[in-house]
Structures are given as structure tokens and as C-alpha cells.
Amino acid sequence: KAGMMYLWALYIGLSAAVISRVYLDALPFYAQRVYLGQIADEALWWMSVRHGFLQRSSYALVWRVGTAGLFGMGLAVFALYWPWLPTQPDLNVVMMSVWLGCLLCLARIDALCRLLPDVLTQLLLWVGLLYQLLISEQAVTQALWGVLGSYVFLRTLNAFCIFCFKHPVMGLGDIKLLVALSAWLGLGMLGVLWFWAALFCFIIQIIWQKTCWPTGQCAFGPYLVAAAFLVWLLPDSRLF
């Protein structure tokens, strides 16, 4: 048992180091390339990750250590004390590293260039379905129907808004993120996530724009991530 604890501590440390490097160095490079007109495909993502690891970091050591330390502590606390997989608790560490890493990276990349890469939303989706499979076959069946239902509903809602108002209610990346979150949290949380994300967005934009009637477009991904953490950590926030 002590040997397993050492292995999980090593995994947490390595995960924290990798995520901090991607978060601080790869994501800004990715956003810069997108602004320069490069196609935001999987090749660009892996080129950005490679650049982030091979190039000298532009951040001071204190920033890199601090980011890795915060992620590592969060991963350790949530993996050890949050009952995600009571029948297979050791896998909590792996599941939590994907959950935390993907959500934090998605929030930052959307804030930087208003884009949610498929490579991260797809990873979040498939690991979410794997998480449900580890719970039970019935759980993964419900999750699959939830993913399908949420995708069809959100795409239909977007098409309706385009037809009636000439503008989509959300970007395609936001839809993919919501679908991936439904694999983890369930289809019933779709409305709750939307409510809290819209509320967070409205409040922050009021403060940012210094007006009671904010206008214009903004990155919705960070607010979806904040809502996901709220719903996940605080069951009482599930209003509906």
C-alpha cells in the first residue's frame, strides 16, 4: 500500500508539472498561432504542446512552481477526498487529472482566443464516458443517451436562434464542452450549467463593462467551467 501511495504521489507530481507547462507556455503559443490565421486543428495543438516543452519558458520559476503546486494540491485533495469511484478509488487520481487539467486548459484557451480545441473537449467526453462505464453498464448507457440528447438539443436550439434572430446562442465549441460535461455530470445538469454560466457571465460583464446592460460577444467557456466546478462541488447549487 505504501508503494502505491508513492506511485500516485509521483503521478500527481508529473501531472502537475505537465499541466503547468501546457497551461503557461503551450496555450499562449496556440492562441498566437490562431490569431495569425493558422488552422486550429489537432496538428496545431500538438505543435503548440511540443513548442511549450522544448522552448525556454517565458515565466519565472516562481510562476511555474506555483502553478504546478496549486494543481498538484487540488488534484491530491479531490482524488483522495471526493468520492467519485467508491468501488475503484485508485482510478480517482487519473480521472481527476483529466477533469481538472482539461477544464483549466479549456477555460484559459477560450479566454485567450475564443476557441475550445476539439482535442480537449473530445478527451473530456471520452474519459467521462469511461468514468461512467467504471461505475456500471447502466450508468454508461444513460450517459450515452445523455450525450446524444444534449448534442441534438443544443444544435437544434442553435439552429432555431440562427433562424429567428440571425445569431447562434452559443459557439460550436461551447456546445461540445457542454456535451462533454453532460457525460460527467448527467443530462439533468445541462440546464443548471447553462443557468450558472449565464449568471456568472452577466455579472462579470457588468463589472468589466461598467454598465447594467452589457453588450457584445465574450468567451463563454470560462463561465461554463466555473459552473461545472460549482455544480460538481456543491450539490445544493443544482436548482432544477
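Residues numbered from 1 in each chain as written. Predicted model: local features only at pLDDT ≥ 70, side-chain atom pairs only at ≥ 80, totals over all residues. Heavy atoms only, no water.

Participant: Account for the overall build of the protein chain, with residues named and values stated.
Facilitator: Tallying secondary structure elements over the protein chain gives nine helices and zero strands in all. Along its sequence from the N terminus, the protein chain presents helices and strands in the succession α-α-α-α-α-α-α-α-α. The C-alpha radius of gyration computed for the protein chain amounts to 19 Å, which stays within 12% of the reference 18 Å derived for 240 residues, consistent with globular compactness. Across the protein chain, every contact between residues at least 6 apart in sequence was considered, and the portion connecting residues at least 24 apart equals 68%. Across the protein chain, the mean location of the 13 positive side-chain charges is 10 Å away from that of the 9 negative side-chain charges. (Helix = DSSP H or I, 4+ residues; strand = E, 2+ residues; numbered from the N terminus. Rg over C-alpha atoms; globule rule 2.2 N^0.38 Å. Contact = heavy atoms within 4.5 Å. Lys, Arg positive; Asp, Glu negative; His and termini not counted. Charge placed at Lys NZ, Arg CZ, Asp CG, Glu CD.)

Participant: Go over the pattern of salt bridges with me, naming the residues and quoting the values.
Facilitator: According to the stated counting rule, one finds two salt bridges in the structure shown. A salt bridge links Asp 25 to Arg 21; its shortest N-O distance comes to 3.6 Å. Of this pair, Asp 25 and Arg 21 are both found in helix H1 (residues 2–35), four residues apart, which corresponds to roughly one turn of the helix. Of the two residues examined, Asp 25 and Arg 21, each falls in the buried class. Residues Lys 176 and Asp 118 are paired through a salt bridge, measuring 2.8 Å at the closest nitrogen-oxygen approach. Of this pair, Lys 176 sits in helix H7 (residues 172–185) while Asp 118 sits in helix H5 (residues 118–135), and the two are 58 residues apart along the sequence. (Salt bridge = Lys/Arg side-chain N within 4 Å of Asp/Glu carboxyl O. Buried < 20%, exposed > 50% of the residue type's maximum accessible area, 1.4 Å probe, protein only.)

Participant: Please give an account of the packing of H7 against helix H9 (residues 221–233) that cites residues and values.
Facilitator: The interhelical angle for the contact between H7 and H9, taken along N-to-C directions, is 10°, at an axis separation of 10 Å. Considered as vectors, H7 and H9 are oriented roughly parallel to each other. Here Asp 174, Leu 177, Leu 178, Leu 181 and Leu 185 of H7 come into contact with H9, specifically with Gly 221, Leu 224, Val 225, Ala 228, Val 231 and Trp 232. Residues that form the contact of H7 with H9 fall into these classes: nine nonpolar, one polar and one charged. (Axes fitted to C-alpha atoms, helices over the stretch in contact; angles between N-to-C directions. Parallel < 35°, antiparallel > 145°, perpendicular 65-115°, else oblique. Nonpolar A, V, L, I, M, F, W, Y, C, P; charged D, E, K, R; others polar.)

Participant: Break down the nonpolar core for me, citing the residues and quoting the values.
Facilitator: Trp 99, Leu 103, Leu 124 and Leu 177 are the most contacted members of the largest nonpolar core, which has 68 residues in total. Broken down by element, this core gets its largest block of residues, 13 residues, from helix H4 (residues 92–113). In this structure, Leu 124 is in contact with Val 98, Trp 99, Cys 102, Leu 103, Leu 106, Leu 177, Ala 180, Leu 181 and Trp 184, ignoring residues within four places of it in sequence. (Core = buried A, V, L, I, M, F, W, Y, C linked by side-chain atoms within 4.5 Å.)

Participant: I'd love a proper account of the layout of surface pockets, names of residues and values included.
Facilitator: The space that makes up the largest pocket amounts to roughly 870 Å³. In terms of lining residues, the largest pocket is bounded by 35 residues, among which Met 170, Gly 171, Asp 174, Cys 218 and Phe 220 are the most central. Of all elements in the fold, only helix H2 (42–54), H5, H7 and helix H8 (190–209) reach the threshold of two or more residues within the lining of the largest pocket. At six residues, the largest contribution of residues to the lining of the largest pocket is made by H8. Of the residues in the lining of the largest pocket, the class split is 20 nonpolar, eight polar and seven charged. Of all the elements in the fold, those that place two or more residues in the lining of the second largest pocket are H1, H2, H4 and H5. Here the residues of the lining of the second largest pocket sort into 15 nonpolar, three polar and no charged. (1 Å grid on protein atoms, 1.4 Å probe; cavity = no way out; pocket = protein on both sides within 12 Å on 5 of 7 lines; lining within 4 Å. Points joined across faces, edges and corners; volume = space filled by probe spheres on them.)

Participant: Talk me through H5; I want residue IDs and the actual numbers.
Facilitator: The terminal C-alpha atoms of H5, which comprises 18 residues, lie 26 Å apart, in line with the 26 Å expected from a rise of 1.5 Å per residue. Of all the residues in H5, the buried ones are Val 119, Leu 120, Thr 121, Leu 124, Leu 125, Val 127, Gly 128, Leu 129, Tyr 131 and Gln 132. Summarising the contacts, the buried residues of H5 are in contact with H2, H4, helix H6 (137–165) and H7. (Expected span 1.5 Å × (residues − 1).)

Participant: Break down the packing of H4 against H7 for me, citing the residues and quoting the values.
Facilitator: For any two helices packed against each other, one specifies the inter-axial angle together with the distance between the axes. In the contact formed by H4 and H7, the axes pass within 13 Å of each other and the chain directions differ by 160°. Classified by the angle their axes make, H4 and H7 are roughly antiparallel. H4 and H7 meet at a crossing whose hand is left-handed. Between H4 and H7, the residues in contact are Met 95, Trp 99, Leu 103, Leu 106 and Asp 110 and Asp 174, Leu 177, Leu 181, Trp 184 and Leu 185, respectively. Of the residues belonging to the contact of H4 with H7, the class tally is eight nonpolar, no polar and two charged. (Left-handed = near helix turned anticlockwise from the far one by under 90°.)

Participant: With reference to specific residues and values, describe the environment of Phe 53.
Facilitator: Tracing the sequence through the fold places Phe 53 in helix H2. In this structure Phe 53 comes out as partly exposed when scored by relative accessible area, which is 39%. For the pair Phe 53 and Asp 25, spaced 28 residues apart in sequence, the C-alpha to C-alpha distance is 7.8 Å. Apart from residues no more than four positions distant in its own chain, Phe 53 is found in contact with Val 18, Arg 21 and Val 22.

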